[in-house]
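Here are the chains, one letter per residue:
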Amino acid sequence: MDATTPITGTLSADLRQATWAVHERAHRCSYFGALFDGDLPLDAYTLLAEQYVAIYTALEEAGDALAADPVAAPFVIDELRRVPALHADLDALGGGVPRVLPSTAAYVARLREAASDPALFVAHHYTRYLGDLAGGQVVGKVLQRTYGIEGPGRLFYDFRALGSPSAFRTRYRALLDDAAWTPAQRGRLLAEAVHAFELNIAVLTEMAEEVGLAQPLAS
Ligand code: HEM
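On a predicted model such as this, the values are computed, not experimentally measured, just so you know. (Residues numbered from 1 in each chain as written. Predicted model: local features only at pLDDT ≥ 70, side-chain atom pairs only at ≥ 80, totals over all residues. Heavy atoms only, no water.)

Comments concerning the pattern of salt bridges
Following the criterion strictly, the structure yields ten salt bridges and no others. Between D78 and R81 there is a salt bridge, with the nearest N and O atoms lying 2.8 Å from each other. R81 gets classed as partly exposed once you look at its relative accessible area, which sits at 29%. Here R188 makes a salt bridge to D117, at a shortest N to O gap of 2.9 Å. Residue R188 is found in helix α10 (residues 183–210), and its partner D117 is found in the loop between α6 (102–114) and α7 (118–132); the two are separated by 71 residues along the sequence. Under the relative-accessibility criterion, D117 is labelled buried at 13%. Connected via shared salt-bridge partners are D64, D78 and R81. (Salt bridge = Lys/Arg side-chain N within 4 Å of Asp/Glu carboxyl O. Buried < 20%, exposed > 50% of the residue type's maximum accessible area, 1.4 Å probe, protein only. Helix = DSSP H or I, 4+ residues; strand = E, 2+ residues; numbered from the N terminus.)

Let's talk about the coordination of the iron atom of the ligand
Any two of four tetrahedral donors ideally make an angle of 109.5 degrees at the metal, while pairs among six octahedral donors ideally make 90 or 180 degrees. Exactly one donor from the protein chain reaches the iron atom of the ligand: H23 (NE2), at 2.1 Å. Structurally, H23 is set in helix α2 (residues 20–27). (Donors = N, O, S within 2.8 Å, 3.2 Å for Na, K, Ca; no water.)

Points about α6
Helix length check: α6, at 13 residues, gives a terminal C-alpha distance of 19 Å against a target of 18 Å (1.5 Å per residue), a fit within 8%. The complete set of buried residues in α6 reads S103, T104, Y107, V108, L111 and A114. Along the axis of α6, the buried residues cluster in a sector spanning 140 degrees; they form a single face. Among the exposed residues of α6, those oriented more than 90 degrees off its buried face are P102 and R112. Where the residues of α6 are buried, they touch α4 (42–65), α7 and α10. (Expected span 1.5 Å × (residues − 1). Arc of directions from axis to C-beta. Contact = heavy atoms within 4.5 Å.)

Considering the UniProt feature "binding site: heme b" (unreviewed entry) in the protein chain
The UniProt entry lists R16, H23, Y126 and R173 under the feature "binding site: heme b" (unreviewed entry), expressed in the numbering used here. Here R16 lies in helix α1 (residues 11–18). Given a relative accessible area of 53%, R16 falls into the exposed group. Once you skip the residues sitting within four places of it in the chain, R16 turns out to touch Y126 and R173. As for its position among the elements, Y126 is in helix α7. Dropping the residues within four chain positions of it, Y126 is found in contact with L15, R16, T19, G131, Y172 and L176. (UniProt positions renumbered as here; feature names shortened; annotations may be inferred.)

A look at the site of the ligand
Surveying the vicinity of the ligand reveals 18 residues, the closest of which are R16, H23, H27, Y126 and R173. The separation between a nitrogen atom of the ligand and a polar side-chain atom of H27 is 3.4 Å. R169 places a side-chain nitrogen or oxygen 3.2 Å from an oxygen atom of the ligand. Where the shell around the ligand is concerned, the elements lending two or more residues are α2, α3 (30–36), α7, α9 (165–178) and α10. Its residues assigned to classes, the shell around the ligand shows eight nonpolar, six polar and four charged. (Near = heavy atom within 4 Å. Polar contact = N/O pair within 3.5 Å; in protein donor to acceptor, adjacent residues only side chain to side chain. Nonpolar A, V, L, I, M, F, W, Y, C, P; charged D, E, K, R; others polar.)

Have a look at this one:
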């Protein structure tokens, strides 16, 4: 199935199916492969955190802009906010002036467009936060294991204020399924979620080049 396939199930199930193939491609990005294997120096992670500051600032500003929108409002959840944690992480990681890669700037430009469309906003919201609460939790553990980072430096992955990540993911799927989407919004949301994954893959591909990995996508 892709984002153009007619609606068959709940929105959360359709989203998962629509993004399945692009998620598989995201798994093969060599940047995460090298990070998980403990093969990267810490500044290769700091550069990713710098991209996240730009991305989450735009995403969370889009949420603020849509906070009064009846469809988007339930997704604007304070405990999800990552920008304060990212600033604390960057202070601890000791980076200089954050660098924003061109692929990140393109992602940020799209997030600014999402600030006036609840369907686009929720597509990006789902792609980032649900990912952070699932596979992203593994990255937090890798930072601890590889670099010995506890607390600041890996606060981005600390969602304890939300309770159990898996319980939150269940609650989140209910939010997706219960919102009053029009068929047009639902179609835009599914297509934009695939696009959001592509924007993330573009950032990870550029990250791989920046940190000197030969193959941006592992075979
Ligand atoms: C090496 C890279 C990655 C790994 C190992 C990984 C792993 C996982 C795992 C284990 C889950 C949980 C699946 C489940 O609950 O059944 C998940 C879910 C998810 N991941 Fe990833 N992931 C990776 C990359 C990404 C990227 C780059 C994104 C997008 C930014 C992403 C977004 C998501 C989303 C949105 C979900 C929730 C799917 C749903 O339940 O609807 N992941 N990931």
